[in-house]
Structure formats: structure tokens, C-alpha cells
Amino acid sequence: IHAYPLAVGEDDRKIDLYISRFLNVDHRTFAPPEEKRQTVEVSQVSLDNFFSKLDKKISLIKIDIQGYEYKAVLGMRRLLERNRPVILMEFWPWGLRSAGTTPKAVLDFLKLVGYQTMHIDEETGSLNRLDSRLLGEGKDDYYDLFCTPR
């Protein structure tokens, strides 16, 4: 495993990252309306570009990027179509909306590139079909998704 100090999105450019003072896993690409955050400029890459010269198959992608998941999957379309990796994704409808997209856009894109998406039930560990409650409005409503190629 190699770690790189990069953000993942739909293209290669500089973006602002809003830093959480309270939780080191809650930095975001949007300004939370309820608090003032310091920003830092970071380099963003698309995974299509980042892995374009790598001659290895990518078999698993884990995504938990505070509502920026749609931008990330847009930037890995070729990788998804070519490698067909399994995707584990945190799905946070409120965060997606706050970052300027919709939960439906994420699910529609994954379907478009040939993925089926299941909800991982935290209590039982079982995989379930998605239902409309996963498109909820609550700030604290988030879910883990298991996405596999069809």
C-alpha cells in the first residue's frame, strides 16, 4: 500500500479542502454551513489519469470522502470499465447534496458503467437491495455500499 497526499476527483487540478478541527476524518471539499473551517489548497487527481501508466489490475476501491464520491467515480470511469473492481463506498446523501450533487446521480452513474449496488446492513452484515430511505435528508444518515460489476 502506498499513500499519496492527493485528493481524488473528476480531473487533475487544485481544489480547496475544508479542514475539520474536531475530527481528522471529516475534511471536506465544501464549506459546512454550521461551522467556519480553515482551507488548504490540495492537488486533486482523477484515478483514470493517476493509474494510466500502471500495468496492474485494480481489483478493489474503497471510497469514503465526505460527499465527494460522485466526483471521484466520474474521474475513474475508464478504470471501472477496464478493471471492473469491487467498490466499497460510504454513501452520505446529505454530504453529496452539500457537495453539489445528488445521491441519485451517484447510483445512476454506477448503473451506467455496469455496477449493481447493495447496502451493507450494519447490524446483520447482510447485503440488501437499495431502497428509497437511502436517499434520505438527514445529516447523520450514511450507509455503506457494496458495488460489484454486473
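To start, this report covers the structure provided alongside it. (Residues numbered from 1 in each chain as written. Predicted model: local features only at pLDDT ≥ 70, side-chain atom pairs only at ≥ 80, totals over all residues. Heavy atoms only, no water.)

1. Examining the pattern of salt bridges
As a reminder, the rule being used: Any carboxyl oxygen of Asp or Glu that lies within 4 Å of a side-chain nitrogen of Lys or Arg is treated as forming a salt bridge with it. Each residue is assigned to one of three classes by its accessible area relative to the maximum for its type, calculated with a 1.4 Å probe on protein chains only: buried under 20%, partly exposed between the two thresholds, exposed over 50%.
Scanning all chains against the criterion turns up eight salt bridges. When the shortest N-O distance is used, the salt bridge between D26 and R28 registers 2.9 Å. Both residues of the pair, D26 and R28, count as buried. Residues joined in a network through salt bridges with shared partners are D26, R28, E35 and R37.

2. A few points about the packing of aromatic side chains
The following threshold applies: For Phe, Tyr and Trp, rings pair up if their centres lie within 6.5 Å, where Trp contributes its six-membered ring, and each pair is then called stacked (planes under 30 degrees apart), edge-to-face (over 60) or tilted (otherwise). Where helices and strands are cited, they refer to DSSP runs of H or I of at least four residues and of E of at least two residues respectively, numbered from the N terminus. In this analysis the charged atom, NZ for Lys or CZ for Arg, is taken to sit over a ring once it is within 6 Å of the ring centre and within 35 degrees of the ring normal.
One pass over the structure, following the stated rule, counts four aromatic pairs. Ring plane angle 65° and centroid distance 6.2 Å describe the contact between F30 and W94, whose orientation is recorded as edge-to-face. With F30 in the loop between β2 (13-19) and β3 (38-45) and W94 in helix α4 (residues 93-98), the pair connects residues that are 64 residues apart, well separated along the chain. A single burial state applies to F30 and to W94, both of which are buried. Over the ring of W94 we find K139, and its NZ or CZ is 5.3 Å from the ring centre.

3. Topic: the side chain of T101
Under the convention used in this document: Residue contacts are defined here by distance: any two heavy atoms, one from each residue, within 4.5 Å place the two residues in contact.
Within the secondary structure layout, T101 lies in the loop between α4 and α5 (103-112). Judged by its relative accessible area of 15%, T101 is buried. What T101 contacts, discounting residues up to four positions off in sequence, is Y70 and L96.

4. Some words on α5
Regarding α5, the residues found buried are P103, A105, V106, L107, F109 and L110. Where α5 is buried, its residues meet α2 (69-74), α3 (77-83), β5 (86-91), α4, β6 (115-120) and β8 (143-149). Of the residues trailing α5, G114 is marked for its positive phi of about 90°.

5. What to know about the side chain of Q44
This is how the line gets drawn: We call two N or O atoms a polar contact when they sit within 3.5 Å, provided that within protein one can donate a hydrogen and the other can accept it, with sequence-adjacent residues counted only if both atoms are side-chain atoms.
Relative to the helices and strands, Q44 resides in strand β3. Separated by 2.8 Å, the side chains of Q44 and D11 make a polar contact. Filtering out sequence-adjacent residues up to four positions away, Q44 remains in contact with A7, V8, G9, E10, D11, D12, R13, I15 and Y68.

6. Remarks on the sheet that holds β3
For clarity, the cut-off: Note: two strands are recorded as paired if DSSP finds a minimum of 2 bridges between them.
On the basis of which strands lie adjacent, the open sheet formed by three strands has the order β1-β3-β2 and mixed pairing. A single partner strand is all that each edge strand has here, and the edge strands are β1 (7-8) and β2.

7. Looking at the environment of G9
Within the secondary structure, G9 sits in the loop between β1 and β2. With a relative accessible area of 0%, G9 lands in the buried category. In the structure, G9 is positioned 60 residues away from E69 in sequence and 7.9 Å away in space, judged by C-alpha atoms.

8. Here's the deal with the pairing of β6
Bridging between β6 and β8 involves six bridges; their strand directions are antiparallel. Bridging across to β8, I120 finds its partner in D144. Looking at chain direction, β6 and strand β7 (residues 127-129) are connected through three bridges and run antiparallel. Paired with M118 across the bridge in β7 is R129.

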